[in-house]
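# Inside the fold
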Amino acid sequence: MIRTSEAIYKYLRPDKKYPHVWCPGCGIGIVTGALVRAIERIGLTKDEIALVSGIGCSGRVSTYLDFNTLHTTHGRALAFATGLKLAKPSLTVIVVMGDGDATAIGGNHLIHSCRRNINITSLIINNNIYGMTGGQYSPTTPTDYKASTAQYGSIEKPFDICKLVEACGASFVARGTTYHAKMLDALIERAINNKGFSVVEALSQCPTQYGRRNKLGGPIEMMQWYKDNAIHYTAFKKLSTDEIGEQFPIGVLTDLDEPDYLERYSRIIKEAGSEGQ
Amino acid sequence: MTDNPMEKMSVVEGSYATAHAVKVCRPNVISAYPITPQTHIVEDLSQFIADGEIDNCEFITIESEFSALSALVGASAAGARTYSSTSSQGLELMHEVVFNVSGMRLPTVMTVVNRAVSAPISIWNDHQDSISERDTGWIQLYAENSQEISDLTPLAYKVAEDKDVMLPAMVCMDGFILSHVFEPVVLLEQDLTDEYLPPYRPEHILDTKNPKTFGSFADPSVYTEFRYMQQKGMDIALKKIEKAVDEFTRIFGRDHGGLIDTYRADDAEILLMAMGSVVGTIKDVIDEARIDGIKVGLLKIRSFRPFPVEAVRKTLADAAVIVVLDKNISLGLNEGSLCTEVKSCLYNTDINTPVMGFMLGHGGRDISKGTIHMIIDKSQKVARSGIKVENEFVDVRGDLI
């Protein structure tokens, strides 16, 4: 049992950086809590972790956590993190991004990090909107849902982030929600422990920019929707297409035991070295 | 035009005034990506389109600034009047395409809502973003207030689309200080704007019946001439801006100055130079200093590219000391960009006036009236006993260094 209040003083920067910028009812705090609890459970010290973030509401996570933190430019967090991991493989590198950050402006870096299977954990906080800049539609805003730049509903098809990263080669893929907070702790824990590129998509309510505009209710109703529609992956697989409706799978979706980039890298160095002898 | 302008004014946000100005220019394609503090402009435009207020216009929130400007290259080459807006990192991310637009001679207009660049992250105002795009072949105009940003928008299209110019234009406004402030503004009238700005009819577009290539490979035997012709376009733009200003004044009845503007500069011994919203503060300080008998005036740069060398020389000729205020720095030279330009246009002339450079307002630090008074005090000493320090940072916090 982890007592959150103790973890807060251990891993956060409570005296320096608060109050935080997130709106009342925002889910990012819950996701941040899950990340802290996962780290506590693994027993990593603060110095063993490098936390990298981009820009946006999710980009603020690195400000509040007391690890080695690298606050980068919009969309580029994974590119910065790749360099960091290569230079210092002993660090546990965790990248926190939002949906716009990871799949729009930084989409290129995301797909190639997956393909490379580099040992980095990506936590993608998906609130279906660009929250910080005023609620513009993002690559995960569902079709027909409203945004400040889609007054009559988005005409684009949204990404399914988990399917995207699976197809691109991520070796661990999981989805959680802010309602299923304890499960989220466990998913992040497994993602960090996976040797390879791991993605945890955390669905997180944005009542201010997304919920209000789409009449989804407040944070409680939005989390209730997660509760009502999230189905564990094993049960989800048994559903027919007609039964699925708005329901979506949560839990571990992919867990492959594959050599990661650094393992392959050191192997090739060894082979090249022995050839020259 | 003979109406009382006060009656036509609405109190609106600077971003709204800008969006409204874009609307009456009748763009065909708007492509943008959200970035603070540009977002309100794009949101307002999105609302106009949703409300059916802009005919024949496509709007897209695309996946990055890089793509936003790239999409406009295609649209503009196909003959559309195009618009985007960005700030800071967004503009820096566009950098590669910024050169493409001007190299292909596509007259896109973009509002740059000036914001400091990372790292460290700052959402507040300075001019480092647009100044970093100084050499990209875009016309750069800087606005002092919401009315001016509004009025510069159709002017930018008119000059950019002139067949002898054909260069893109950035209209720059200070982030938050202008973009998020409500001021009384005469919103541009559609009928007058139609009279002022004709529809975009480019000579060269992508057309399957008459195939052409944009941005093709240029080997060393022809590349130089592309740059030469871009510079020619800039030279012509100097005259076209003046002409477009005259026509604007005739139709709309407002005058913010031409390539430059001056304030109490005729008999000024101390001549301050600046761009953007800080000009308003400087004018107030000049009024106060004049009461104390200090002969101080202002030269405001409206067109930074093309740089109005002749107009600047003429205005500076009789000053005892020239004082340049820059919200940017060329790191490694220890000088702001405007200061560098001013010095370069005085060399090889018989004007041998001391030029003092002050770098201030970085990352949104307030530029108070007290700061400007302090700068005037320093310049008085230089006028009396010569220049010792050419450039300096202003209001540096010693406790942080």
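A quick note: this is a predicted structure, and the numbers were derived from the prediction, not measured. In every chain, residue numbers begin from 1 and rise along the written sequence. Written order determines the labels here, with chains lettered from A and ligands numbered from 1. It should be noted that, the model being predicted, local features are given only for residues of pLDDT at least 70 and side-chain atom pairs only at 80 or more, the latter also being counted only at that level, while totals for whole chains, interfaces and linings use all residues. Excluding hydrogens and water, the side-chain values take into account all heavy atoms of the structure.

## Side note on the pattern of salt bridges
Filter applied, for reference: Salt bridges are identified by distance alone: a Lys or Arg side-chain nitrogen within 4 Å of an Asp or Glu carboxyl oxygen. Strands are runs of DSSP state E lasting at least two residues, helices are runs of H or I lasting at least four, and both sets are numbered from the N terminus onward.
Across all of its chains, the model carries 37 salt bridges over all chains by this definition. Its salt-bridge partner being Asp160(A), residue Arg175(A) comes within 2.9 Å of it at the nearest N-O pair. Of this pair, Arg175(A) sits in strand E5 (residues 172-177) while Asp160(A) sits in the loop between strand E4 (121-126) and helix H7 (161-168), and the two are 15 residues apart along the sequence. Connected through shared salt-bridge partners, Glu144(B), Glu148(B), Lys283(B), Lys300(B) and Arg302(B) make up one network.

## Considering the interface of chain A and chain B
To keep things clear, this is the line we draw: Two residues qualify as a contact provided that any one of their heavy atoms is within 4.5 Å of a heavy atom in the partner residue. Note on definitions: buried area is the accessible-area loss of two parts on being combined, 1.4 Å probe, summed for both. Whenever a nitrogen or oxygen atom comes within 3.5 Å of another N or O atom, the pair is scored as a polar contact, on the condition that within protein one atom can donate a hydrogen and the other can accept it, and that pairs from neighbouring residues in sequence are kept only if both atoms are in side chains.
Contacts between the two partners involve 20 residues from chain A and, on the opposite side, 20 residues from chain B. Between chain A and chain B lies a buried interface of about 1400 Å² when both sides are counted; carbon and sulfur atoms form 58% of it. For the chain A face of the interface with chain B, the top three residues by lost area are Thr133(A), Thr149(A) and Gln151(A), together amounting to 31%. At the boundary of chain A and chain B, one finds zero salt bridges. At the junction of chain A with chain B, the criterion picks out nine residue pairs in polar contact (both at pLDDT 80 or more). Take the side of chain A that touches chain B: its biggest share by element is three residues, from helix H5 (residues 99-105) of chain A.

## Description of the state of the cysteines
What counts here: Sulfur atoms of two cysteines make up a disulfide when they are within 2.5 Å.
Applying the stated rule across the entire model yields zero disulfides over all chains. Its sulfur unpaired, Cys168(A) is 5.2 Å from the next cysteine sulfur, which belongs to Cys114(A). A disulfide-free cysteine, Cys172(B) has its sulfur positioned 16 Å from the sulfur of Cys25(B), the nearest such atom.

## Details of the packing of aromatic side chains
To keep it simple, the criterion reads: Paired rings are identified among Phe, Tyr and Trp, the last through its six-membered ring, by centres lying within 6.5 Å, and are further divided according to the angle between planes into stacked (under 30 degrees), edge-to-face (over 60) and tilted (the rest). Each residue gets one of three labels from its accessible area relative to the maximum for its type: buried under 20%, exposed over 50%, partly exposed in between, using a 1.4 Å probe on protein chains only. Remark: a charge is flagged as sitting over a ring if the NZ atom of Lys or the CZ atom of Arg is within 6 Å of the ring centre and within 35 degrees of the ring normal.
Under the criterion given, the structure shown has 14 aromatic pairs over all chains. Between Tyr18(A) and Tyr64(A) the ring centres are 5.0 Å apart and the planes differ by 40 degrees, which places this aromatic pair in the tilted class. Placement of the pair is Tyr18(A) in the loop between helix H1 (4-11) and helix H2 (28-42) and Tyr64(A) in helix H3 (residues 61-64), with a sequence separation of 46 residues. Assessed through its relative accessible area of 31%, Tyr18(A) is described here as partly exposed. An angle of 65 degrees between the planes, with centres 5.7 Å apart, marks the rings of Tyr16(B) and Phe48(B) as edge-to-face. Note that Tyr16(B) is positioned in helix H2 (residues 14-24) and Phe48(B) in helix H3 (residues 39-50), a separation of 32 residues in sequence. For Tyr16(B), a relative accessible area of 27% translates into the label partly exposed. Residue classification places Phe48(B) among the buried positions, given a relative accessible area of 5%. Here the aromatic cluster, defined as three or more aromatic residues joined through ring pairs, consists of Tyr18(A), Trp22(A) and Tyr64(A). One Lys or Arg, Lys158(B), reaches over the ring of Tyr196(B) and ends 4.7 Å from the middle of that ring.

That's the geometry; what it means functionally is another story.
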